[in-house]
Amino acid sequence: MSLAEAIPQGLQAKIDTIIDNVEPTAWLSEAEKNDYIDKIKKLLKAKNAVMIAHYYVDDELQALAEETGGYVSDSLDMANFGAKHPAETLVVCGVRFMGETAKILSPEKTVIMPTLEAECSLDLGCPIDAFSEFCDQYPDHTVVVYANTSVEVKARADWIVTSSNAIQIIGHLKAQGKKIIWGPDRHLGQYINNKTGADMLLWQGHCVVHDEFKLHELEQLMEKYPDAEVLVHPESPESVIAKADFVGSTKQIIAAGKASEADTLIIATDYGLFYKMSQAVPDKRLIPAPTGGKSATCKSCAHCPWMAMNTLVNLHSTLVNMSNTIQVDEAVRQKALIPLNRMLEFSYEQGILTAGDA
Ligand code: SF4
């Protein structure tokens with residue numbers, strides 16, 4: 001395994017600037033919230049639209065998706081659900097690459113989002129020009145990218161993976177003797193490399209949420225709750241992953257929580273997941289893994305600043321105006337569909353996804 005150069009110069013500063021300029025969301029009274037919820041329910045029906053929300057958006061949006069016949073899940077499942085649902089319009093509550101993935105699988109549908117400014121540091125940290133130039137230097141390598149990338153980066157890839165199927169797909173490629181370029185998340189790449197021993201070149205992107213989990217404070221928490229099980233998303237630093245009883249995707253973390261016999265779970269992922277987690281294990285004590293403490297920065301909070309940009313207010317105005325439409329160039333979409341379908345076929349064959357999923 002070797003490392004790519006650091007992400008292109010200036011890119012980290014650009015990501016930091018974007019995060020610093022994320023607008024705080026407006027406070028709404030309960031009466032105002034209920035008013036928006038009523039109006040959104042009517043608009044969804046009137047516009048033949050369905051809400052598809054990610055686990056990391058705010059609880060009230062997850063609840064509204066569930067109440068209105070929509071869906072809450074991870075990014076791939078969201079896109080799969082949208083492709084199978086009869087609604088003409090998919091309202092994707094999440095970040096931009098999720099809207100693009102839905103559009104790749106459902107080109108005939110209108111895909112709208114509460115805001116098009118909701119980004120992802122992994123997507124931002126892997127711009128197509130720099131990544132493509134990097135790939136061109138290693139023409140004998142198979143290019144594998146995580147779902148958290150732009151449609152253009154997906155179109156440049158041979159395979160797309162998610163945190164649910166990455167180990168199996170990289171293992172499959174290793175068995176074929178392939179050398180691999182991996183992008184963009186360095187921690188997930190390192191974790192998979194440790195698990196599979198594949199020959200991998202790692203792009204050096206990171207998730208601004210998971211990168212902030214802190215080993216020292218996690219160890220202190222584990223001392224306080226010695227019987228707790230620790231569930232960790234693999235976008236977290238290697239030192240935090242090393243402390244985990246279970247490592248997996250959001251969906252897998254929920255399943256592991258259900259299967260666990262422990263009364264207390266310490267969870268290292270965005271705290272938006274706690275909404276579905278508390279439905280799945282209502283009798284367990286759920287504790288967020290620490291991002292604060294002596295070794296933290298003032299930016300630590302375990303909640304994605306871009307996911308938090310999805311609100312009842314902008315969801316409502318998007319539905320009123322049918323604005324914030326996701327547009328994807330058809331030639332690029334066709335190219336991105338190839339590695340996406342490759343992943344889906346592999347996942348169905350291996351039983352990672354079943355026909356009943358989404
Ligand atoms: S939580 Fe991390 S990986 Fe997910 S959208 Fe936010 S920045 Fe991207």
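Residues numbered from 1 in each chain as written. Predicted model: local features only at pLDDT ≥ 70, side-chain atom pairs only at ≥ 80, totals over all residues.

Engineer: So what about the overall build of the protein? Which residues, and what values?
Structural biologist: Check the secondary structure of the protein and you find 16 helices and 13 strands. Each principal axis of the C-alpha distribution contributes one length, and for the protein these read about 55 × 55 × 40 Å. Out of the 358 residues in the protein, the part that is buried amounts to 49%. Relative to all contacts within the protein whose residues are 6 or more apart in sequence, the contacts with residues 24 or more apart total 66%. (Helix = DSSP H or I, 4+ residues; strand = E, 2+ residues; numbered from the N terminus. Buried ≥ 20, exposed ≤ 12 C-beta atoms within 10 Å, placed from the backbone. Contact = placed C-beta atoms within 7 Å.)

Engineer: Pulling in residues and values, what's your account of helix H5 (residues 96-105)?
Structural biologist: Within H5, 10 of the 10 residues are buried, which leaves it mostly tucked inside the rest of the structure. Residues Arg-96, Phe-97, Met-98, Gly-99, Glu-100, Thr-101, Ala-102, Lys-103, Ile-104 and Leu-105 constitute the buried set of H5.

Engineer: Break down the sheet that holds strand S12 (residues 264-268) for me, citing the residues and quoting the values.
Structural biologist: The 4 strands are arranged S11-S10-S12-S13 in an open sheet whose pairing can be described as parallel. In this open sheet, the two edge strands, each paired with only one partner strand, are strand S11 (246-247) and strand S13 (285-288). Where strand S10 (residues 229-232) and S12 come together, 4 bridges link them in parallel fashion. By the bridge assignment for S12, Glu-229 is matched with Leu-265. (Pairing = 2+ DSSP bridges.)

Engineer: I'd like a description of the pairing of S12, backed by residues and values.
Structural biologist: Of all 5 residues in S12, 4 are buried, a share of seventy percent or more. Here S12 runs beside S13; their pairing, made up of 4 bridges, is parallel. Paired with Leu-265 across the bridge in S13 is Leu-286. Handedness of the S12-helix H14 (residues 274-280)-S13 crossover: right-handed. (Right-handed = clockwise from strand over helix to strand, strands pointing away.)

Engineer: So what's going on with the packing of helix H2 (residues 30-46) against helix H15 (residues 312-321)? Residues and values would help.
Structural biologist: As a packed pair, H2 and H15 sit with axes 10 Å apart at the nearest point and diverge in direction by 30°. Judged by the inter-axis angle, H2 sits roughly parallel to H15. H15 is crossed by H2, and the crossing has left-handed handedness. Taking contact as the criterion, the partners of Lys-33, Tyr-36, Ile-37, Lys-39, Ile-40, Leu-43 and Leu-44 in H2 are, on H15, Leu-312, Val-313, Leu-315, His-316, Leu-319 and Val-320. For the contact of H2 with H15, a count of residues per class yields 10 nonpolar, 1 polar and 2 charged. (Axes fitted to C-alpha atoms, helices over the stretch in contact; angles between N-to-C directions. Parallel < 35°, antiparallel > 145°, perpendicular 65-115°, else oblique. Left-handed = near helix turned anticlockwise from the far one by under 90°. Nonpolar A, V, L, I, M, F, W, Y, C, P; charged D, E, K, R; others polar.)

Engineer: Quick one: what's the story with the site of the ligand, residue by residue and with numbers?
Structural biologist: Looking at the ligand, there are 13 residues lining it, with Cys-120, Ser-121, Cys-207, Val-209 and Cys-304 nearest. Its residues assigned to classes, the shell around the ligand comprises 10 nonpolar, 2 polar and 1 charged. Counting contributing residues per domain, the shell around the ligand is built from domain 1 (13-120 + 306-327) and domain 2 (122-207 + 331-350), each supplying no fewer than three. (Near = placed C-beta within 6 Å. Domains from an automatic or database assignment.)

Engineer: Which residues make up the domain arrangement of the protein, and what values go with them?
Structural biologist: Split into domains, the protein comes out as domain 1 (13-120 + 306-327), domain 2 (122-207 + 331-350) and domain 3 (210-288). When each unit is reduced to the centre of its C-alpha atoms, the spacing between domain 1 and domain 2 is 26 Å. Across the contact, 12 residues belong to domain 1 and 14 residues belong to domain 2. Where the side of domain 1 that touches domain 2 is concerned, the elements lending two or more residues are helix H1 (11-20), helix H4 (75-84) and H5. With 4 residues, H5 is the largest single contributor of residues to the side of domain 1 that touches domain 2. Looking at side-chain class alone, the side of domain 1 that touches domain 2 contains 7 nonpolar, 2 polar and 3 charged residues.

Engineer: Got a sec to walk through H2? Specific residues and values, please.
Structural biologist: Given a rise of 1.5 Å per residue, 17 residues ought to cover 24 Å, and the 24 Å separating the end C-alpha atoms of H2 matches this to within 8%. A positive phi of about 50° marks Asn-48, the residue just after H2. (Expected span 1.5 Å × (residues − 1).)

Engineer: Please provide a residue-by-residue account of the nonpolar core, values included.
Structural biologist: Core analysis: the biggest nonpolar cluster contains 104 residues, and Ile-52, Val-91, Val-92 and Val-144 have the highest contact counts within it. Contacts of Val-144, omitting those with residues within four sequence positions, involve Ala-157, Asp-158, Trp-159, Val-161, Ile-169, Ile-170, Ile-180, Ile-181 and Trp-182. (Core = buried A, V, L, I, M, F, W, Y, C linked by C-beta atoms within 7 Å.)

Engineer: If you had to explain the sheet that holds strand S2 (residues 49-54) to someone new, which residues and values would you point to?
Structural biologist: Pairing is parallel in the open sheet, where 4 strands are placed in the order S3-S2-S4-S5. Sheet topology places strand S3 (71-73) and strand S5 (110-112) at the edges, where each strand pairs with a single neighbour. Taken over all neighbouring pairs, the strand axes of this sheet differ in orientation by 20° on average, direction set aside. The pairing of strand S4 (residues 89-93) with S5 spans 3 bridges and is parallel. Residue pairing in the sheet places Thr-89 in a bridge with Thr-110 of S5. Against the sheet, helix H3 (residues 59-67) touches S2, S3 and S4, its axis set at about 140° to S2.

Engineer: Residues and numbers for the environment of Lys-47, please.
Structural biologist: Following the sequence through the fold, Lys-47 ends up in the loop between H2 and S2. Classification of Lys-47 as partly exposed rests on a count of 17 C-beta atoms within 10 Å. Separated by 42 residues in sequence, Lys-47 and Thr-89 have C-alpha atoms that sit 7.4 Å apart. Contact partners of Lys-47, with chain neighbours within four places excluded, come to Thr-89, Leu-319 and Met-322.

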